[in-house]
Amino acid sequence: NDSLNAFVGRVRVGGSLTSTGTFDTDSGSVEYFGAGAQSVFATTHGALIASVGGTKTMSGTVAVRDTFRITTGATFATNATGDSLVMLATNQTNGGTFSAALGAVNYGANANQTVFGGTYQRLYLSGSSTARSKTTTSGLAFAASGVLNVGSNDTLIVSGGNLDLATNTPSFTNSSAVKALVDASFHGGITNAGTFYYAGTVAQAIGSVTYNNLRLGGSGAKNFPNSTV
């Protein structure tokens, strides 16, 4: 039974970590620094650090309350459809690789957060306070059985890359707003893109989909498709 409090204590794991009792880390930090593959213990962390190298793979539900960091050369990965990463951390750094093409990732802080770019299976934004922004600078795509769910109190901001809601036909629920400074693509099964704001400073293609509210801004040209919007 190892309790870490107020980030004073740190557990550094170079190999495997097992527990048959209570492993309480919600106020401390755990660093996985092995050069090879490691399994990330399924529990709540105050701070979670993936460092050095190798792939740090989740198994089950992992929650991070304050700090989440991937250093250069390290990979953090979900492993299976049943995996769930609950990202409450607002101190986030990804200098390595974040792989979430399996399982669910929920950016659920009641604060502004960075959304790591890449390919997700199931991506949820679910803060319970109003006027929060969840921002990605490198684009989003989705694997098979993909889901993007923007909760009622969050705005998804995509400021780099692309928002690909066409490939692999992910489901899309936008209960608040999406602000795109880049192109967004949709598949034919999406019937409502909700409140959507195209705000790029370069030319943008307006997706051919039904919007609840459509706003155009920024200095770039907005190009409508030949089909109906």
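Residues numbered from 1 in each chain as written. Predicted model: local features only at pLDDT ≥ 70, side-chain atom pairs only at ≥ 80, totals over all residues. Heavy atoms only, no water.

## Let's talk about the overall build of the protein chain
Right, on to step 1. Helix and strand content of the protein chain: zero helices and 24 strands.
Right, on to step 2. Relative to the compact-globule value of 17 Å for 229 residues, the protein chain shows a C-alpha radius of gyration of 19 Å, a close match.
Right, on to step 3. Dimensions of the protein chain along its principal axes, counting C-alpha atoms only, are 60 × 30 × 25 Å.
Right, on to step 4. Across the 229 residues in the protein chain, those meeting the buried criterion constitute 46%. (Helix = DSSP H or I, 4+ residues; strand = E, 2+ residues; numbered from the N terminus. Rg over C-alpha atoms; globule rule 2.2 N^0.38 Å. Buried < 20%, exposed > 50% of the residue type's maximum accessible area, 1.4 Å probe, protein only.)

## Observations regarding the environment of Asn 212
Right, on to step 1. Along the chain, Asn 212 falls in the loop between strand S22 (204-205) and strand S23 (213-216).
Right, on to step 2. Look at Asn 212 and you get exposed, because its relative accessible area is 54%.
Right, on to step 3. Filtering out sequence-adjacent residues up to four positions away, Asn 212 remains in contact with Asn 192, Gly 194 and Thr 195. (Contact = heavy atoms within 4.5 Å.)

## Examining the confidence of the model for the protein chain
Right, on to step 1. A residue-level look at the protein chain finds 93% of positions with pLDDT of 70 or above and a mean pLDDT of 91.
Right, on to step 2. Low pLDDT, under 50, characterises residues 1-7; the predicted model gives this stretch 21 contacts beyond four residues in sequence or across chains. (pLDDT = per-residue confidence, 0-100.)

## Quick notes on the pattern of salt bridges
Right, on to step 1. In total, this model carries three salt bridges according to the counting rule given.
Right, on to step 2. With a closest N to O distance of 3.3 Å, Arg 10 and Glu 31 form a salt bridge. Here Arg 10 is found in strand S2 (residues 10-13), whereas its partner Glu 31 is found in strand S3 (residues 23-32), with 21 residues between them in sequence.
Right, on to step 3. Here Arg 10 falls in the partly exposed class, since its relative accessible area comes to 47%.
Right, on to step 4. Two residues, Glu 31 and Arg 12, come together in a salt bridge whose shortest N-O distance is 3.0 Å. In this pair, Glu 31 is assigned in strand S3 and Arg 12 in strand S2, connecting sequence segments 19 residues apart.
Right, on to step 5. Bridged by salt links that share partners, the residues Arg 10, Arg 12 and Glu 31 form one connected network. (Salt bridge = Lys/Arg side-chain N within 4 Å of Asp/Glu carboxyl O.)

## Re unusual backbone geometry
Right, on to step 1. Positive phi is not limited to glycine here, since Val 52 has a value of about 75°.
Right, on to step 2. Note that Val 52 resides in the loop between strand S5 (44-50) and strand S6 (55-58).

## Digging into the sheet that holds S23
Right, on to step 1. Reading across from one edge, S12-S14-S16-S19-S21-S23 is the order of the six strands in this open sheet, with parallel pairing throughout. Edge positions in the sheet fall to strand S12 (113-114) and S23, since each of these pairs with one other strand and no more.
Right, on to step 2. With five bridges connecting them, strand S14 (residues 132-136) and strand S16 (residues 154-158) associate as parallel partners. Counted as the bridge partner of Thr 135 is Ile 157 from S16. (Pairing = 2+ DSSP bridges.)

## Regarding the side chain of Gln 113
Right, on to step 1. With respect to the helices and strands, Gln 113 occurs in strand S12.
Right, on to step 2. The exposure class assigned to Gln 113 is buried, which follows from its relative accessible area of 3%.
Right, on to step 3. A distance of 3.2 Å separates a polar atom in the side chain of Gln 113 from a polar atom in the side chain of Lys 134.
Right, on to step 4. Contacts of Gln 113, omitting those with residues within four sequence positions, involve Met 87, Leu 88, Ala 89, Thr 90, Gln 92, Tyr 107, Gly 108, Ser 133, Lys 134 and Thr 135. (Polar contact = N/O pair within 3.5 Å; in protein donor to acceptor, adjacent residues only side chain to side chain.)

## Things to note about the environment of Ser 185
Right, on to step 1. With respect to the element layout, Ser 185 can be found in strand S20 (residues 184-186).
Right, on to step 2. Given the relative accessible area of 29%, Ser 185 is considered partly exposed.
Right, on to step 3. Considered as a pair, Ser 185 and Asp 164 are 21 residues apart in the sequence and their alpha carbons are 5.2 Å apart.
Right, on to step 4. Residue contacts for Ser 185: discarding those within four places in its chain leaves Leu 163, Asp 164, Leu 165 and Ala 166.
Right, on to step 5. At 3.4 Å, the side chain of Ser 185 and the side chain of Asp 164 are in polar contact.

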